Amino acid sequence: LDETADAPGNTPDVNDGAPVQPAFQHTYARLASRVALGLFVVAALYRLYLIARGWPLVDSDEAIVGLMGRHILRGEFPVFLWGQSYMGALQSYLAAPLFALFGSSDFTLHIAELLITMGFIAAMYALGRAVYGQIVGLLTLAWLMMGPPIATLRELTPAGGYQEMLLFTALLLLGLWARLRQPQALPRTRQEWRRCIAVYAGMGLMAGGALWADILVAPALLLVTVALLARRTREVFTVAGLALVLFFLIGAAPAIFYNIQYPNATYKQVSAQNRRPGQTGPLPTFDQWRMQAGETLDVAFPTILGSPYVCVKVGAVWFNYPPAEATSTTDAGGVCDLSNMGFSLAALAVLGIALWQPLLALLAWARAIRGYRWLKAGRQLRRLAKDAASPATVRDQAQSDRVARYWISVVLVGIVVANLSVYSLSVDAQRYQFTSVRYLLLAYLSAPVLFYTLWRPASLLLLPLLRPTTMRLTRLFFRDRKAPSATAIPASIRKRLRERFASRWAFARSLVAGLALVTLLLFGLIGVWFTLAHANNTAAYGQPNPPVDQQLIAFLHQQHITAFYGDYWVCDRLVFETREQVICASRGGDKPTLALNTNRYTPYVAALAKTPYPAYILPLHSQQDRAFAADAAALGLPYQGYQRVVIGSYAVYYHAP
């Protein structure tokens, strides 16, 4: 239970603090690896089952990714998603070879996203285990295996570069850890130099790819840069740093050249859509920010953390999200909002605790190493200053690992704080309270430090409970009859526990941390239950396409319709699902007429304009449905001789000769 118990390379202290023989340590490490493999397989099978059920439904945002993958096979090479110059087209490039092998479909598109997701989950387990120990790695893996539901939904939703951004950033953090934990200021041998340059090149490539995937990652890249400059100063200004910059430029080259060709297009589009109408400056007023920050804490952040019930006042809730987990309401405040606000504040408090000791250590390092004598050095600062010595004087690997752990903790917590801060400045935090939650996905990178902060005090209570199970699993998997008793707790451990719990505060802290840890995992299990129940709704989900889309596609083929107008959310979806046997241009939607609206691929618009009698697929009982003839006549669109048929929640107008 010492600080070194969770040091990288050490095995979980399943013997509750008692000395563990090296042979048993190896056995426990093998057991942890098998448990991790089992959790990873369950995570993959769980998501594969959801995909096979047809969950989540492919919407037009995802369909555009699939259509771009089809067009890549035809020789097109897009940089960003059609009409969105801030989210890279990497998903489409990954989907393209799968389409070539298995054909383009909703299932194949989701499989492409699943590959990225499982890579991210594996990288997060590796990060948690390397930095904070095997148990924290397993807790991180278990939590991400289950969800939360919003994580599972976005993991299987290929709309934008969110999952690539998370995967690349997790790999970047692993590279950062590998360099921060080095005891020497510079590599000493040729082999160490080659390894160092390779790590920096990989980090640069991951950083550039992440920035191309989604500009949201920019604050995380800045924090990683600061950590490298502060901790590995001499190393950065060598050929290794040159490799970092060079490979960053290679990874981000598509985005860089695009913004040179179309000057500053990414920033212009992002800044324009994150401002309120009439807002001239980059920042909202204080009252606007206060409202946006409030909605961030009582809707967005608890949803990200897996709250089993959130209340959304403004904006829609995704149809794919389990309805038992979120509801739309016009009432502000109340138990729902207050409990979720408390949940968010509690999570921020845990992250603050995670940041406390590293900040003390870094202050001591600044005073002792950089000469800031004006910083007062108390007893704790003087003790931590020994740990935070400069790389040039560090010779002990365990001590170097501890300092590197401080830096990684600061970076991980900083990513969450920066992500929340930037999000609260966007009008979408209040305008689309639920659907904008996807902009907070970077918060999942903090899972290892969150569980580490909870596990350290909670282990005093939980380890004695885990010990019998661990012993039984050891005997079962490895037939190790010499393993310690599965039930007895040594007297030395009982004495140590009594010493640790001599203070009521120590017991209360362990109890609260244990309850928080179990609550997070329990929320994940609840999310799995609700997600499975929602995905098993055969009226809404199915293969190869959702039931309502199968009906629409069958009708279009029956009437030999190859072109139609519709709103954005039905248009590109049906084009992708029919493999472009039917094409569409978007009209209406949030506009009260049949005017063109949100068309991401202009060749479809040109083709529809040349079609003599295009069909119309309009939301049932919408303004466009009620005033179809008048709106079509006003815009000079063909409408005479058309018949109307209702299919599901859509009204279909088609020309009957």
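Computed from a predicted model, the values in this text were never measured in an experiment.

### Section: the overall build of the protein chain
Scanning the protein chain from N- to C-terminus turns up 26 helices and nine strands. Out of the 657 residues in the protein chain, the part that is buried amounts to 55%. Summarising the internal contacts of the protein chain: among those between residues at least 6 apart in sequence, 73% fall at separations of at least 24.

### Considerations on the state of the cysteines
Per the stated rule, a full pass over the model turns up two disulfides. In this model Cys-311 forms its disulfide with Cys-336; the gap between the sulfur atoms is 2.0 Å. A torsion of 115° about the S-S bond marks the disulfide between Cys-311 and Cys-336 as right-handed. Within this pair, whereas Cys-311 is found in strand 3 (residues 310-312), its partner Cys-336 is found in helix 15 (residues 334-370), the two being separated by 25 residues in sequence. Considered together, Cys-311 and Cys-336 belong to a single accessibility category, that of buried residues. Across a sulfur-sulfur distance of 1.9 Å, Cys-571 and Cys-584 are joined as a disulfide pair. Taking the sign of the torsion about the S-S bond as the criterion, the disulfide between Cys-571 and Cys-584, at about -120°, is left-handed. Note that Cys-571 is positioned in helix 23 (residues 568-577) and Cys-584 in strand 6 (residues 583-586), a separation of 13 residues in sequence. Given a relative accessible area of 1%, Cys-584 falls into the buried group. Disulfide connectivity for the protein chain, with bonded cysteines indexed by sequence position, reads 1-2, 3-4.

### Describing helix 17 (residues 397-424)
Over its 28 residues, helix 17 extends 40 Å from the first C-alpha to the last, a length consistent with the 40 Å expected when each residue adds 1.5 Å. Most of helix 17 sits inside the fold, with 22 of its 28 residues counted as buried.

### Observations concerning the nonpolar core
A general feature of soluble globular proteins is that nonpolar side chains tend to end up buried together. Ranked by internal contacts, the top residues of the largest apolar core, which has 173 residues, are Phe-120, Ile-150, Leu-173, Leu-176, Tyr-444, Leu-445 and Ile-617. Of all the elements, helix 4 (residues 106-132) adds the most residues to this core, at 13 residues. Sequence-distant contacts of Ile-150, that is, excluding residues within four places in its chain, are made with Thr-303, Ile-304, Trp-318, Tyr-321, Phe-434, Val-437 and Tyr-444.

### Thoughts on the confidence of the model for the protein chain
Put simply, the protein chain has an average pLDDT of 86, and 83% of its residues get 70 or more. Below pLDDT 50 for its whole length, residues 388-394 participates in 19 contacts with residues either more than four positions away or in separate chains.

What counts, and at which threshold
- Residues numbered from 1 in each chain as written.
- Predicted model: local features only at pLDDT ≥ 70, side-chain atom pairs only at ≥ 80, totals over all residues.
- Heavy atoms only, no water.
- Helix = DSSP H or I, 4+ residues; strand = E, 2+ residues; numbered from the N terminus.
- Buried < 20%, exposed > 50% of the residue type's maximum accessible area, 1.4 Å probe, protein only.
- Contact = heavy atoms within 4.5 Å.
- Disulfide = S-S within 2.5 Å.
- Expected span 1.5 Å × (residues − 1).
- Core = buried A, V, L, I, M, F, W, Y, C linked by side-chain atoms within 4.5 Å.
- pLDDT = per-residue confidence, 0-100.

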